[in-house]
Amino acid sequence: NPKSTARLKIKITDVNDNAPTFAQMIVSPDYGIVVTKDSKEKSKDKENKLLEHQSPLLLIPENITIGTVIIRLVAEDKDNNDNKPITYSLVNETVYPSELKFNSKPHFIVNPRTGEISIGRQLTPGYELHLAIVARDIGNLTDRIIVRIMITDINDHAPVFNKSSYAFDVPEGIYVRHRIGLITAIDADIGDNAKLSYRILSFNSLSNLTFEIGEISGWLMVTGDLDREESNVHRLTVIAHDNGIPQLSSTVDIDINVLDSNDNPPEFHGYMDIVVNGLKMIPVYYASVPEDTPVGTVISRVYANDSDFIGNGNGLILFDLPRKIGEKHYFEIDSKDGTIMTISELDYERQMEHNVTIIARDLGSPSLTSTALLYVKIIDVDEPEVKMDRPVFQHKYYEIEVEENSIVPVKLLQLNVSETYKNDRVRYSIVSNDTEIHRLFGIHPENGSVVLKKSVDREVQNVYQFRVKVDWIKSGRGMPVMIYPVEGDRITGLGINEARIVVRVKDANDNSPKFKSKGRPLLAAIPASINYGHEIIKVE
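Residues numbered from 1 in each chain as written. Predicted model: local features only at pLDDT ≥ 70, side-chain atom pairs only at ≥ 80, totals over all residues. Heavy atoms only, no water.

I keep staring at the overall build of the protein and nothing clicks. Help me out?
Secondary structure assignment for the protein yields one helix and 37 strands. Split into buried and exposed, the 540 residues of the protein put 40% on the buried side. Carbon and sulfur atoms make up 51% of the accessible area of the protein, which amounts to about 32,100 Å² in all. (Helix = DSSP H or I, 4+ residues; strand = E, 2+ residues; numbered from the N terminus. Buried < 20%, exposed > 50% of the residue type's maximum accessible area, 1.4 Å probe, protein only. Areas by Shrake-Rupley, 256 points an atom, 1.4 Å probe, with all protein chains shown as cover.)

Spelled out as structure tokens, the structure:
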């Protein structure tokens, strides 16, 4: 039984029968990336979640620079080196929620040789991305993993107010937490970084006012007495800050304009005395007048002011003398400047003293009034029995308004002589060298009716002024309808038997608006950094 032995060496040739397997995920420690303990069951990827590997949820800040490597994936293959080379690829990128605008460029890029994942484009906070990454060997065997990434917001935006400044109008009055207006700002960040709080940083009011702002709502409120006469504007600075870390903030200036209410009556000044009537203190003026003072002579002047706003009429004052029906009137007051003049002859023997009540009334709604007294002492004068050589008008000054484009003829005014000459025969005429006055206006020589003969245009001329005179011949009649008779400094230069008439042409809406640019285009240059509410161009 002969035998022999031999050494048999068997070499096992590798067959690519092992697929690569993801074994490790290395997260860069330098960029604030957080690896959460979020379980796979909480993943938003509903498909194949049991068949594929999933990474923990990675929280990645939005401000990482494009091209930065943030993660490296490592896959292992049990085959030998010939079958071991592994390549990596990103096969799908899913964004939750879906982006409003489609962008084919991925947010992340995978290095095929090293498995490094880097930033591919600007990251948008608030999005969750699922990256399907495949590891493949030369035999086309693969492993797949889902890398779950949440983009977190960085507090890199300060709040921005929706206006560059605010202005609110508030009527004066007493308020308790009265809402003035809403202050609004927005923050381009998200989450807590976009939650804003408001507070008042400063205000310049020296009064006992309390301004407050809703910390969350932004409603600006006031408590206290807003008095325009004390301060017509209050300036505040409001700050809005977010809840991010670090906390960012912005400020805005606010003007609170106090609108006038008619809460102050006119006040007389320059008076000589005061009388007490019940609870009222009435100012008193004094004047002494010779009994032979000509009709139309200014004997005194009263003054008053109103601390309310003039622009809306609350601070405008008109004077008046209250009348009793059937009582003879000796004095008239200029409703605007407060000058008081005689309109009838005075007689010491008939009445030695006149007590004149003066009313100052503002044009507010409701109108407020104040009262003053004028004591007029008549001085006795030896009277020669002489009658004036000319009749005189009942008033020395008339002011009338007439609509432009009125249908003519239009009766403007009915002139009368003073009571002394009421039964005399007088004749009326216009005194003017202006042919245009005679062309437009006429006067009836017997009854004193002043008429508009030709239509007037306010855009051509808005005021006409001329004199009229009266001489003995014929008699006059009743008073006309007019805007108001005014006496005062405007009667300078008139003869004793003359009066001045001013005709103001009221505007009718007969002209369409026209731009001052006369059809030329308006150009304005606007910088890209312009704020909301910035004035661009003025159109006139």
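Before we go on, may I ask you to explain the UniProt feature "domain: Cadherin" (unreviewed entry) in the protein in this structure?
Under the present numbering, the feature "domain: Cadherin" (unreviewed entry) in UniProt falls on residues 4-22, 52-161, 162-268, 281-393 and 394-515. Annotation note: span residues 4-22, helix share 0%, strand share 11%, distance between end C-alpha atoms 51 Å. (UniProt positions renumbered as here; feature names shortened; annotations may be inferred.)

What exactly am I supposed to notice about the sheet that holds strand 23 (residues 298-301) here?
Each strand in a sheet pairs with another by means of backbone hydrogen bonds, the pair being arranged parallel or else antiparallel. Read across the sheet, three strands follow the order 23-27-26 without closing on themselves; strand pairing throughout is antiparallel. A single partner strand is all that each edge strand has here, and the edge strands are strand 23 and strand 26 (331-333). The sheet shows a mean angle of 25° between the axes of neighbouring strands, direction not considered. By the bridge criterion, three bridges tie strand 23 to strand 27 (residues 339-342) in an arrangement that is antiparallel. Along strand 27, the bridge assignment pairs Arg301 with Thr339. (Pairing = 2+ DSSP bridges. Axes fitted to C-alpha atoms, helices over the stretch in contact; angles between N-to-C directions.)

Looking at this structure, how should I read the environment of Ile138?
In this fold, Ile138 is placed in the loop between strand 9 (128-137) and strand 10 (142-152). In this structure Ile138 comes out as exposed when scored by relative accessible area, which is 53%. C-alpha of Ile138 to C-alpha of Thr87: the two residues are 51 residues apart in sequence and 8.4 Å apart in space.

Help me understand the packing of aromatic side chains, please; the structure alone is not making it clear to me.
When we look at a pair of aromatic rings, we describe it by the centre distance and by the angle of the planes. Scanning the model with the defined rule gives nine aromatic pairs in all. Look at Tyr166 and Phe168: their rings are 6.0 Å apart centre to centre, the planes differ by 20°, and that puts the pair in the stacked class. Like Tyr166, the residue Phe168 is buried in the burial classification. Where Phe441 meets Phe466, the ring centres are 5.1 Å apart and the plane angle is 35°; that geometry is what we call tilted. Taken as a pair, Phe441 in strand 33 (residues 441-443) and Phe466 in strand 35 (residues 463-472) lie far apart in primary sequence, 25 residues in all. Among the residues examined, Phe441 registers a relative accessible area of 1% and is labelled buried. For Phe466, a relative accessible area of 3% translates into the label buried. Of the aromatic side chains, those joined through ring pairs into one cluster are Phe268, Tyr271, Tyr285 and Phe319. (Phe/Tyr/Trp six-rings, centres within 6.5 Å; stacked < 30°, edge-to-face > 60°.)

How do you make sense of the side chain of Ser28 when you look at a structure like this?
As for its position among the elements, Ser28 is in the loop between strand 1 (21-27) and strand 2 (34-35). Aside from chain neighbours lying at most four places away, what touches Ser28 is Ile33, Val69 and Ile70. (Contact = heavy atoms within 4.5 Å.)

Hey, could you run me through the environment of Tyr286 in this one?
Note on placement: Tyr286 falls in strand 22 (residues 280-290). Spatially, the C-alpha atom of Tyr286 lies 9.9 Å from that of Ile299, the residues being 13 residues apart in sequence. With sequence-adjacent residues up to four places away left out, Tyr286 is seen in contact with Met272, Asp273, Leu374 and Tyr375.

Sorry, what's going on with the nonpolar core here?
Taken as a class, soluble globular proteins show a tendency for nonpolar side chains to be buried jointly. By size, the foremost hydrophobic cluster in this structure holds 28 residues, and its most contacted members are Leu415, Phe441, Phe466, Val468, Ile501 and Val503. When residues of this core are traced back to their parent elements, those giving at least two are strand 30 (397-403), strand 31 (410-414), strand 32 (426-431), helix 1 (435-440), strand 33, strand 34 (449-452), strand 35 and strand 37 (498-506). Those residues in contact with Ile501, other than ones at most four positions away along the chain, are Tyr398, Ile400, Leu413, Leu415, Val450, Tyr464, Gln465, Phe466 and Val468. Judged by nonpolar contacts, the second largest core, of 26 residues, contains Leu58, Ile86, Tyr127 and Val147. (Core = buried A, V, L, I, M, F, W, Y, C linked by side-chain atoms within 4.5 Å.)

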